[in-house]
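Results of the structural survey
Now for the letters of each chain:
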Amino acid sequence: MKTLILVDIQNDFVPGGALAVANGDEVLAVANRLMPKFDLVVATQDWHPADHGSFASQHDGVKVGDVFSFNGVDQIAWPDHCVQNSYGAEFVAGLESHLIDHVVQKGTNQLIDSYSGFFDNDGQSTTRLAGLLKQHGATEVAVMGLATDYCVKFTVLDAVKLGFKTKLILPGCRGVELQAGDIDAAVEQMRSAGTAVMRAC
Ligand code: VGL
Ligand code: ZN
């Protein structure tokens, strides 16, 4: 069972979006080319309530990019993005979404962010992703999407922790790079955790 996980290929993460990742739209062609080669395609969708606690707009004195403590977890303050049922939360037009078998939404709890497709950032609650993969008998996953240094990284690290043989498809990823070097550091972290890093595909 070859499984592809597409992470957060949504309007808000591509140029023009609320949390635009530089060249984020370039992952579309890679996703479209790879989907037909996999038996199972699962896409994650960042899916926040309008008053989500990761939004700087919800906190007095907090600006976008600040790190603040949110219910005991360090949280980066983001611009409002991927609000449920908004255009920004939709998959990018041009993504061949009829080839997606399952969509897993995350970040739905107002009180905690969820970068990983598997767990919320406090590691407490799970999405249905792990169960879905097990139900399909998946033991290996390939991961690509947005953003390399946040949702892709945490999804990959959790996949490894859960025992999936995990590949990172680097040409299908683009990152936020809040600080210079964040993307390279994220790739190195994934590699040293046991992820095979594919630099071509
Ligand atoms: C993401 C920041 C906030 C991502 C989601 O998809 O990488 N980053 N929410
Ligand atoms: Zn988010």
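In what follows, the structure referred to is the one given above.
This one's a predicted model, so the numbers in the text were calculated from it and none came from an experiment. (Residues numbered from 1 in each chain as written. Chains lettered and ligands numbered in written order. Predicted model: local features only at pLDDT ≥ 70, side-chain atom pairs only at ≥ 80, totals over all residues. Heavy atoms only, no water.)

Around the zinc ion (ligand 2), the protein supplies Asp46 (OD), His48 (NE2) and His81 (NE2) as donor atoms, at distances of 2.0 to 2.2 Å. Bound by four donor atoms, the zinc ion (ligand 2) shows angles of 89 to 170 degrees at the metal and therefore irregular coordination geometry. Each donor residue of the zinc ion (ligand 2) belongs to the same chain, and together they define the spacing D-x1-H-x32-H. Here Asp46 is found in strand E2 (residues 40-46), whereas its partner His81 is found in the loop between strand E4 (73-76) and strand E5 (102-106), with 35 residues between them in sequence. Take Asp46: its relative accessible area is 3%, and that puts it in the buried class. Taking relative accessible area as the criterion, His81 reaches 4% and is therefore assigned buried. (Donors = N, O, S within 2.8 Å, 3.2 Å for Na, K, Ca; no water. Tetrahedral: all angles 85-135°; square planar, octahedral: opposite > 155°, others 65-115°. Helix = DSSP H or I, 4+ residues; strand = E, 2+ residues; numbered from the N terminus. Buried < 20%, exposed > 50% of the residue type's maximum accessible area, 1.4 Å probe, protein only.)

Attention now goes to the nonpolar core. Core analysis: the biggest nonpolar cluster contains 58 residues, and Leu4, Leu6, Ile9, Leu95, Leu133, Met144 and Leu168 have the highest contact counts within it. At the level of elements, strand E1 (2-7), helix H1 (27-34), E2, helix H2 (129-135), strand E6 (140-146), helix H3 (148-161), strand E7 (165-174) and helix H4 (182-192) are the ones that each hand at least two residues to this core. The element best represented in this core is H3, accounting for six residues. Ala56, Val62, Phe68 and Ala77 belong to the second-largest nonpolar core, a separate cluster that totals five residues. (Core = buried A, V, L, I, M, F, W, Y, C linked by side-chain atoms within 4.5 Å.)

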